[in-house]
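Residues per chain are reported as follows:
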Amino acid sequence: MAFSPRVFSGIQPSGDLHLGNYLGAIRRFVPLQDTHETLYCVVDMHAITVWQEPDALRRATREVAAAFIAAGVDPKRSIVFNQSQVVQHAELAWIFNCVARIGWMNRMTQFKDKAGKNSENVSLGLLAYPSLMAADILLYKATQVPVGDDQKQHLELTRDIAAKFNNDYAASILEQGLDPEFFPITEPLIAGPATRIMSLRDGTKKMSKSDPSDQSRISLLDDADAIAKKIKKATTDPAELPETVEGLAGRPEADNLVGIYAALTDKTKADVLAEYGGAGWGKFKPALAELAVSVLGPMSGEMRRLLDDPATIDAVLRDGGERASVLAEKTMSEVRRIVGFIR
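I will try to describe carefully the structure that is included in this document. Keep in mind that what you see is a predicted model, and the values were worked out from it rather than measured.

Remarks on helix α14 (residues 310–339)
For α14, built from 30 residues, the straight-helix expectation of 44 Å at 1.5 Å per residue is met to within 8% by its first-to-last C-alpha distance of 40 Å. Two residues or fewer past α14, glycine 340 is found with a positive phi of approximately 110 degrees.

Looking at the pattern of salt bridges
It is possible for side chains of opposite charge to pair when their charged atoms get near one another. What the rule picks out here adds up to 18 salt bridges. Residue arginine 27 pairs with aspartate 266 through a salt bridge whose shortest N-O separation is 3.2 Å. Here aspartate 266 lies in the loop between α11 (252–265) and α12 (269–276) and arginine 27 lies in helix α1 (residues 19–32), a separation of 239 residues in the sequence. Classification of aspartate 266 by relative accessible area gives exposed; the value is 63%. The salt bridge partner of glutamate 329 is arginine 336, with a shortest N-O separation of 2.8 Å. By relative accessible area, which is 30% here, glutamate 329 ends up partly exposed. Given a relative accessible area of 5%, arginine 336 falls into the buried group.

Let's talk about the packing of α11 against α12
Direction vectors running N to C along α11 and α12 enclose 105 degrees, while the axes themselves pass 8 Å from each other. In terms of axis orientation, α11 runs roughly perpendicular to α12. Touching Asp255, Val258, Gly259, Tyr261 and Ala262 of α11 are Lys269, Val272, Leu273 and Tyr276, all from α12. Considered class by class, the residues forming the contact of α11 with α12 number six nonpolar, one polar and two charged.

Some words on the nonpolar core
Membership of the largest hydrophobic core comes to 58 residues, with the highest contact counts inside it found for Leu19, Tyr22, Ile26, Phe68, Leu220, Ile260 and Phe284. Discounting chain neighbours no more than four positions away, the residues touching isoleucine 26 are Ile11, Leu17, Asn21, Ala67, Phe68, Ala71 and Leu220. Within the second largest apolar cluster, 43 residues are counted, among which are Phe81, Met105, Leu127 and Phe165.

Details of the packing of α11 against helix α13 (residues 281–307)
Direction vectors running N to C along α11 and α13 enclose 40 degrees, while the axes themselves pass 10 Å from each other. The angle between α11 and α13 places the two elements in the oblique class. The chirality of how α11 crosses α13 is left-handed. Residues Ala254, Leu257, Val258, Ile260, Tyr261, Leu264 and Thr265 of α11 touch α13, and the partners they reach there are Trp281, Phe284, Lys285, Ala287, Leu288, Leu291, Ala292 and Val295.

Some thoughts on the environment of glutamate 329
Its location among the elements puts glutamate 329 in helix α14. Along the backbone, glutamate 329 and threonine 109 are 220 residues apart, and their C-alpha atoms lie at a distance of 32 Å. What glutamate 329 contacts, discounting residues up to four positions off in sequence, is Gln88 and Arg336. Here arginine 336 takes part through its side chain, which lies 2.8 Å from a polar atom of the side chain of glutamate 329.

The rules behind these values
- Residues numbered from 1 in each chain as written.
- Predicted model: local features only at pLDDT ≥ 70, side-chain atom pairs only at ≥ 80, totals over all residues.
- Heavy atoms only, no water.
- Helix = DSSP H or I, 4+ residues; strand = E, 2+ residues; numbered from the N terminus.
- Expected span 1.5 Å × (residues − 1).
- Salt bridge = Lys/Arg side-chain N within 4 Å of Asp/Glu carboxyl O.
- Buried < 20%, exposed > 50% of the residue type's maximum accessible area, 1.4 Å probe, protein only.
- Axes fitted to C-alpha atoms, helices over the stretch in contact; angles between N-to-C directions.
- Parallel < 35°, antiparallel > 145°, perpendicular 65-115°, else oblique.
- Contact = heavy atoms within 4.5 Å.
- Nonpolar A, V, L, I, M, F, W, Y, C, P; charged D, E, K, R; others polar.
- Core = buried A, V, L, I, M, F, W, Y, C linked by side-chain atoms within 4.5 Å.
- Left-handed = near helix turned anticlockwise from the far one by under 90°.
- Polar contact = N/O pair within 3.5 Å; in protein donor to acceptor, adjacent residues only side chain to side chain.

Quick look at the structure:
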């Protein structure tokens, strides 16, 4: 079966979106609208695997939706919605819970990282999270998902669940007159440079909202002054920029700042070093600050404008939820028949 090229991607509303979220995911959503059917989801059901204050969750959900729109995602060309508006996500996730194996979940490194030594006391949802992620993707029979390094293992699990469902229910799928490859084996969309943006204070740590230092990250709601100041204060080493990418080895802060410049201009690190190799930080940091302000400044202004009008954001999410539900119900009506549920 030839599945139509369809992209699904979701971002958790965990509050305080930053440069890493933008360059690693949101920025890449925009050009995909020209080549694929696109669904961009605020995965609020994933967010509650750890406790969320309800009001904070509502604010953070709207913030992600505002970031999508401010970055250039068109809610008329793409389907923009929050996950909880489409009940079929939870329904398919339960079926996948019964297809997936506990051993698969226990091997997920992200669960181990988040649970730590407290794995007996975290929520069951945190363990089953990848099963819901598989449902998010396969509910729409998405053929491709843009993924960063930290989600590759979950996409591999999605592929395993799709293959096992197709195999376990092969006879029933044929009885229903459906294609034997009922769910696609979803492919990753490999991102370009700087998919992993590191802290501005420590180039060995990923940029994160949980870092106690606000100087470690550029928030998507930062104004131009804050963006410029954070870049100019970013940790660096005393050496000049190297002439080649190989010269960035062992220099995590230099590698990170060159990577950010590359990602903001859609160039490679080699391109950036061809222009700035041999330059000192006194030249490169102001250039990077100016670039970041020119790209992020208008976006942060548009995000703030949208967040001042929550009714408009809610209307976008509601419309997207209704459109997503049509696709979701088509898949679920077939899945129920395949599994043997009487309706």
